[in-house]
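Each chain, letter by letter, is given below.
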Amino acid sequence: MSKNLVIIPTYNEKENVEKMIRKVFSLKTPFHLLIVEDNSPDGTAAIVKRLQEEFPEQLHILERKGKLGLGTAYIAGFKWALENGYEYICEMDCDFSHNPDDLERLHQAVNNGADVAIGSRYISGINVINWPLGRVLMSYFASMYVRIVTGMKIMDTTAGFKCYRRKVLETIDFEKIKLIGYGFQIEMKFTAWKFGFNIEEVPIVFTDRKEGTSKMSGGIFNEALWGVMKMKIRSWFRNYNRQ
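Residues numbered from 1 in each chain as written. Predicted model: local features only at pLDDT ≥ 70, side-chain atom pairs only at ≥ 80, totals over all residues. Heavy atoms only, no water.

**A short note on a nonpolar patch on the surface**
For step 1, the next point in the chain: Residues Met229, Ile233, Trp236 and Phe237 make up a contiguous nonpolar surface patch of roughly 480 Å² in combined accessible area.
For step 2, the next point in the chain: Its location among the elements puts Trp236 in the segment after helix H8 (218-235).
For step 3, the next point in the chain: With relative accessibility at 57%, the residue Trp236 sits in the exposed group. (Patch = residues over 30% accessible without salt bridge, like charges linked within 9 Å, V, L, I, M, F, W, Y side chains within 5 Å. Areas by Shrake-Rupley, 256 points an atom, 1.4 Å probe, with all protein chains shown as cover. Salt bridge = Lys/Arg side-chain N within 4 Å of Asp/Glu carboxyl O. Helix = DSSP H or I, 4+ residues; strand = E, 2+ residues; numbered from the N terminus. Buried < 20%, exposed > 50% of the residue type's maximum accessible area, 1.4 Å probe, protein only.)

**Let's talk about unusual backbone geometry**
For step 1, the next point in the chain: Within the chain, Asn39 stands out as a residue other than glycine whose phi angle is a positive 60°.
For step 2, the next point in the chain: As for its position among the elements, Asn39 is in the loop between strand S2 (31-37) and helix H2 (44-54).
For step 3, the next point in the chain: A positive phi angle is found at Phe96, which is not glycine, with a value near 70°.
For step 4, the next point in the chain: By the secondary structure assignment, Phe96 is in the loop between strand S4 (88-91) and helix H4 (102-111).

**A look at the environment of Trp226**
For step 1, the next point in the chain: Position of Trp226 among the secondary structure elements: in helix H8.
For step 2, the next point in the chain: Its relative accessible area of 54% is what places Trp226 among the exposed residues.
For step 3, the next point in the chain: The sequence separation of Trp226 and Gly183 amounts to 43 residues, and the corresponding C-alpha distance is 9.5 Å.

**Observations regarding the UniProt feature "domain: Glycosyltransferase 2-like" (unreviewed entry) in the protein**
For step 1, the next point in the chain: UniProt's feature table lists "domain: Glycosyltransferase 2-like" (unreviewed entry) at residues 6-172, given in the numbering used throughout.
For step 2, the next point in the chain: Helix makes up 41% of residues 6-172 and strand 19%, and the two end C-alpha atoms of the span are 19 Å apart. (UniProt positions renumbered as here; feature names shortened; annotations may be inferred.)

**Here we look at helix H1 (residues 17-25)**
For step 1, the next point in the chain: Every buried residue of H1 is listed here: Val17, Met20, Ile21, Val24 and Phe25. For H1, the buried positions fall inside an angular range of 125° around the axis, keeping them on one side.
For step 2, the next point in the chain: Elements that come into contact with the buried residues of H1 comprise strand S1 (4-10), S2, H2, strand S3 (59-63) and H4. (Arc of directions from axis to C-beta. Contact = heavy atoms within 4.5 Å.)

**A closer look at the packing of aromatic side chains**
For step 1, the next point in the chain: Counted by the stated rule, this structure contains 11 aromatic pairs.
For step 2, the next point in the chain: Between the aromatic rings of Phe78 and Tyr164, the centroid separation amounts to 5.5 Å while the plane-to-plane angle is 75°, which identifies the pairing as edge-to-face. Pair noted here: Phe78 is in helix H3 (residues 70-83) and Tyr164 is in strand S7 (residues 162-165), with a separation of 86 residues, a long-range link. For the pair formed by Phe78 and Tyr164, the shared burial category is buried.
For step 3, the next point in the chain: Measuring from ring centre to ring centre gives 5.8 Å for Tyr140 and Phe141, while their planes differ by 80°; the resulting arrangement is edge-to-face.
For step 4, the next point in the chain: Overall, Phe141 belongs to the partly exposed group, its relative accessible area being 45%.
For step 5, the next point in the chain: The structure contains a cluster of three or more aromatic residues connected by ring pairs, namely Tyr74, Phe78, Tyr164, Phe174 and Phe184.
For step 6, the next point in the chain: The aromatic ring of Phe206 is capped on one face by Arg121, whose charged end is 5.4 Å from the ring centroid. (Phe/Tyr/Trp six-rings, centres within 6.5 Å; stacked < 30°, edge-to-face > 60°. Lys NZ or Arg CZ within 6 Å of the ring centre and 35° of its normal.)

This is the structure:
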């Protein structure tokens, strides 16, 4: 059995999901895939189930009742990964904004000693393609704001393309993760950093989705803005000693 799992949350990704699954399974590193499916009305789940007949050992689906938030999708996936004995657990988007080829580099980073590897858009300049300038600046300055508030030295604090060692996810109490939108990505990094885990940024190029629709909204940035401040204050009253 593969020790490596990729978790991909999906909502209305029928244009991308089959191509993504086939691409991940074509990589040299043997990955299993868990699709966390939020009851997409476009038939995404049916495509995944059809492909499970072709990839019965590698492809798994976790179906949820509806669109319950990115953070809760990943937490459901993390719990499933831990229950099923995976050692390296990656997360990425379904829309090819994260290049699946980079999974190999993230996996290599954790294999070589990192506890968390981040696919980073900003560790070597600004590597974003097809985003309007306003969105690039908002994302870049959001990361800067998070660094100022938290003290983390991570350049891409909002990145959603990551690979964790199992021990990191075993250490984090998911009940204490409060942010469920894109702020979830910040809170997971912050918590791993507070526990003293070794976090490494791997440069990637981020390309905006070509097919399907973006899930980005103003509320997401609001949560990140105010949520980060509350997260920092909560951290003053928490113990980050590893057992």
